[in-house]
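One-letter residues, chain by chain:
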Amino acid sequence: MLLSPAHLPRLAAIVGLFTRYGLRDVAKQQGLIALIGDDEAELPPEELAERHEQAAGFRKRLVELGPAYVKLGQVLSTRPDLLPEPYIRELERLQDDVGPISLEEVEQTIQEELGGRLSKLFASFDPEPLATASLGQVHAATLREGRQVIVKVQRPNVRASLADDLVFFHELAEFMAAHTSVGARIDVIGVVQQLERALADELDYRIEARNAATFRKMLAEFPRLLVPKVIEAYTTERVLTMERVHGLKVDAVPPIARLEHDFTPVADELTRGYLKGITIDGFFHADPHPGNVFVVLPGATNPRTPAQVARDDRREASRAGVTPMARLEADAVAAAQPEPSDVDARLALVDFGMTARLSTAMREMVTRLLMALGDQRGDDVASTLIEMGEPSPDFDHVGYTRETATLVARNLELTAAEVKAGRILFDILDVSFRSGLRLPAELTLLAKALFNLDGVTRALAPSYTPFETIREYGNQIAMARAQRDMSPRRIYQIAMESSDFLAALPHRLDKITQRLANNDLQTRVDVPQIPSLIVALQKVANRIFTGLVLAGLLVASAMLLPYWRTLGTAGFIIAAVLALYIVFAIMVSDRKRDAS
């Protein structure tokens, strides 16, 4: 039960997050204030006065509450329909603000997972962490062979601490879905399920390792993009080892480097790589924030890209991979394009814990959505989103299309440097949720990815806009789809499906014509509004019949007055009472209908 003593402290903490950090109005609108007493609900925001400071306090409080709340904050950072923008921006910073774990605990975890001591496994191991996160921390190390790596170690006992929090989140979501306005407007249970999936993926580092190997293969055709290789022998469920990248965060590139290197091709390849993952592979990195992207300048020692591995490979015959990850690496090297001579700076992508997959149908609709956004066709954007989502009963189709088209058209007045694809998609999703259109969770992850991608590409090349690349890539997608549809395999599939249809067609036509000849052909039409229409017609008929009875009673009473005054007067009284009752019943029922 949500209000059980075991959950009351967590419930008070959740409501306190809203009431103390500038989100009291949001909590009141969503029905959270009513869950606890008035004393807690009336607490003023004493700690922080300005909204951005309140958002920072909100973020810090999540860190204090534990890993599950940190991960919940990261999931909420993908939901602009739930929190205002300043809080979304603050929640983006949750990755690096967690306290470190001790070296003794790190050593114990590595020894349990890899079966050896640090001194035996690594030539060197830096005791100071490079970064800390809600579920683990990262250390620099050197393998015995001399290769520099990073080692991510999971926090001890983190799974047990998350279990109770997840149970509480599920019960809170079920209560909100049944009793609050936010539950009717937004799939809060889906938010918690998204949180649970994210935690399940990030608690098993083998999943992140496979994601990294998959992205290394997917991006092998882009020579300016680097995904470090996973050291499979040193990777388990709670320990992840990858080649170390020596680079600069995209927002820390010095001005002198911008004069010496052209980062526009790098930003363009990053955008194309993301578009390929979204529209063709159906698999993309959902969190490309600046902390996960590094600029690699010439001269530094860094892992090799698949193109460089293929260039330096002198073997006459390629060696087949033994494990699935080894086969992915072999496929990446085979798919790598020859490295152009003008490759200068590169971009390294790390941390593949938060990813998203798109089904074939979803991929097709997302492709149409991106192409409509790229061409600034607002009506097509609205119609695609309506097709993807679930409209509420009171959804205004015409009004939503008009508002979406207006929002997209505003970007015609902006310069190329001012247009931001991620921000536009966030605004459109906000309009959708406010209009009663419930959209899939994948779209919020897509908006988050594009929003962060905007930030990374602008940090690399301030004048770069992804819309031009989206338009150009749309034509390539169309050509790729045409080639795919004309491939021998696709033609054979179409032929097989057509042959089945043609083989069954004579029999079906024979059955239809036989039923026509026997006058036995029936059709069925289901119209959801017909039952309510019949009920309304029955009410109208009842009122008409009652009116006729009342009119007949009045006429009969008037005719009886000269001959039988008492009976005629009684008839008038009965008619008056009946008329007042009918008028009162009509007014009450109409008022209830207007209120609903």
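Keep in mind that this is a model prediction, so the values were computed, not measured. (Residues numbered from 1 in each chain as written. Predicted model: local features only at pLDDT ≥ 70, side-chain atom pairs only at ≥ 80, totals over all residues. Heavy atoms only, no water.)

## So, the overall build of the protein chain
When you go through the protein chain residue by residue, the secondary structure sums to 25 helices and 13 strands. Split into buried and exposed, the 596 residues of the protein chain put 45% on the buried side. Taking all contacts inside the protein chain whose residues are at least 6 apart in sequence as the whole, residues at least 24 apart take part in 73%. Accessible surface computed for the protein chain: about 31,600 Å², of which carbon and sulfur atoms make up 57%. (Helix = DSSP H or I, 4+ residues; strand = E, 2+ residues; numbered from the N terminus. Buried < 20%, exposed > 50% of the residue type's maximum accessible area, 1.4 Å probe, protein only. Contact = heavy atoms within 4.5 Å. Areas by Shrake-Rupley, 256 points an atom, 1.4 Å probe, with all protein chains shown as cover.)

## Examining a nonpolar patch on the surface
Side chains of L509, I512, L516 and L521 sit close together on the surface and give an oily, nonpolar patch of about 370 Å² of accessible area. The partly exposed category is assigned to I512, whose relative accessible area is 41%. (Patch = residues over 30% accessible without salt bridge, like charges linked within 9 Å, V, L, I, M, F, W, Y side chains within 5 Å. Salt bridge = Lys/Arg side-chain N within 4 Å of Asp/Glu carboxyl O.)

## Considerations on the pattern of salt bridges
Tallying each qualifying case throughout the model produces 24 salt bridges. The residue E269 makes a salt bridge to R224 at a minimum N-O spacing of 2.9 Å. Pair noted here: E269 is in helix 14 (residues 264–281) and R224 is in the loop between helix 12 (205–218) and strand 5 (225–226), with a separation of 45 residues, a long-range link. Note on accessibility: E269 and R224 belong to one class, buried. The salt bridge involving D380 is made with R377; its shortest N-O contact spans 2.4 Å. In this structure, a network of salt bridges that share partners links the residues R304, R311, D312, E339 and R346.

## Here we look at the environment of P303
In this structure, P303 sits in the loop between strand 9 (293–296) and helix 15 (306–312). Sequence separation between P303 and L226 is 77 residues; the distance between their C-alpha atoms is 8.0 Å.

## Side note on helix 16 (residues 324–335)
Taking 1.5 Å of rise per residue, 12 residues should cover 16 Å, and helix 16 covers 16 Å from first to last C-alpha, within 8% of that figure. Buried within helix 16 are the following residues: M325, L328, E329, A332 and V333. Viewed along the axis of helix 16, the buried residues span an arc of 135°, placing them on a single side of the element. Exposed residues lying more than 90 degrees from the buried face of helix 16 are P324 and A334. The elements touched by buried residues of helix 16 are helix 12 and helix 15. (Expected span 1.5 Å × (residues − 1). Arc of directions from axis to C-beta.)

## Some details on helix 20 (residues 421–435)
Three- or four-residue spacings in an α-helix give side chains the same orientation, since the helix completes a turn every 3.6 residues. Counted at 1.5 Å a residue, the expected span for helix 20 with its 15 residues is 21 Å, and the 21 Å between its end C-alpha atoms agrees. Burial in helix 20 covers these residues: A421, G422, I424, L425, F426, I428, L429, V431, S432 and F433. Count one or two residues on from helix 20 and you reach G436, which has phi positive near 90°.

## Here's the deal with unusual backbone geometry
Even without being a glycine, N157 presents a positive backbone phi close to 60°. Assignment of secondary structure puts N157 in the loop between strand 4 (148–154) and helix 9 (158–179). Despite not being glycine, D351 has its phi angle at roughly 60°, a positive value. For D351, a relative accessible area of 30% corresponds to the partly exposed category.

## Looking at the confidence of the model for the protein chain
When pLDDT is averaged along the protein chain, the result is 78; 79% of the residues meet or exceed 70. Note that pLDDT drops below 50 for residues 29–49; the model gives that stretch 43 contacts with residues more than four away or on any other chain. (pLDDT = per-residue confidence, 0-100.)

## Describing the pairing of strand 9
The side-chain alternation of strand 9 yields two buried faces, one formed by V293 and V295 and the other by F294 and V296. Two strands pair when backbone bridges link them, and strand 7 (residues 248–249) and strand 9 are joined in this way by two bridges, in the antiparallel orientation. Residue pairing in the sheet places L248 in a bridge with V295 of strand 9. Bridge count for strand 9 against strand 10 (residues 346–349) is four bridges, and the pairing is antiparallel. (Pairing = 2+ DSSP bridges.)

## Let's talk about empty space enclosed by the protein
Here the structure, examined in full by the defined rule, presents five cavities of 30 Å³ or more. In this model, the second largest cavity occupies a volume close to 80 Å³. Forming the walls of the second largest cavity are F215, M218, L219, L225, L270, G273, Y274, G277, F283, F284, H285 and L349. When residues of the lining of the second largest cavity are traced back to their parent elements, those giving at least two are helix 12, helix 14 and strand 8 (283–285). Looking at the lining of the second largest cavity, the element that brings in the most residues is helix 14, giving four residues. Looking at the lining of the second largest cavity residue by residue, the class counts come to nine nonpolar, three polar and no charged. (1 Å grid on protein atoms, 1.4 Å probe; cavity = no way out; pocket = protein on both sides within 12 Å on 5 of 7 lines; lining within 4 Å. Points joined across faces, edges and corners; volume = space filled by probe spheres on them. Nonpolar A, V, L, I, M, F, W, Y, C, P; charged D, E, K, R; others polar.)

## Observations concerning the sheet that holds strand 5
Within the open sheet, the four strands sit side by side as 5-10-9-7. Their pairing is mixed. Every other strand in the sheet has two partners, leaving strand 5 and strand 7 as the edge strands with one partner each. Bridge count for strand 5 against strand 10 is two bridges, and the pairing is parallel. When the bridges of strand 10 are listed, L225 appears paired with L347.

## Observations concerning the packing of aromatic side chains
Evaluation of the coordinates by the stated rule reveals nine aromatic pairs. Pairing F122 with F125 gives two aromatic rings, centres 5.6 Å apart and planes at 50°, and the pair type is tilted. Accessibility classification places F122 together with F125 in one group, the buried group. Put simply, the rings of Y69, F168 and F169 touch in pairs and so form one group of aromatic residues. K152 extends its terminal NZ or CZ atom over the ring of Y205, reaching a point 5.4 Å from the ring centre. Positioned above the aromatic ring of F283 is the side chain of R357, whose terminal nitrogen or guanidinium carbon lies 3.9 Å from the ring centre. (Phe/Tyr/Trp six-rings, centres within 6.5 Å; stacked < 30°, edge-to-face > 60°. Lys NZ or Arg CZ within 6 Å of the ring centre and 35° of its normal.)

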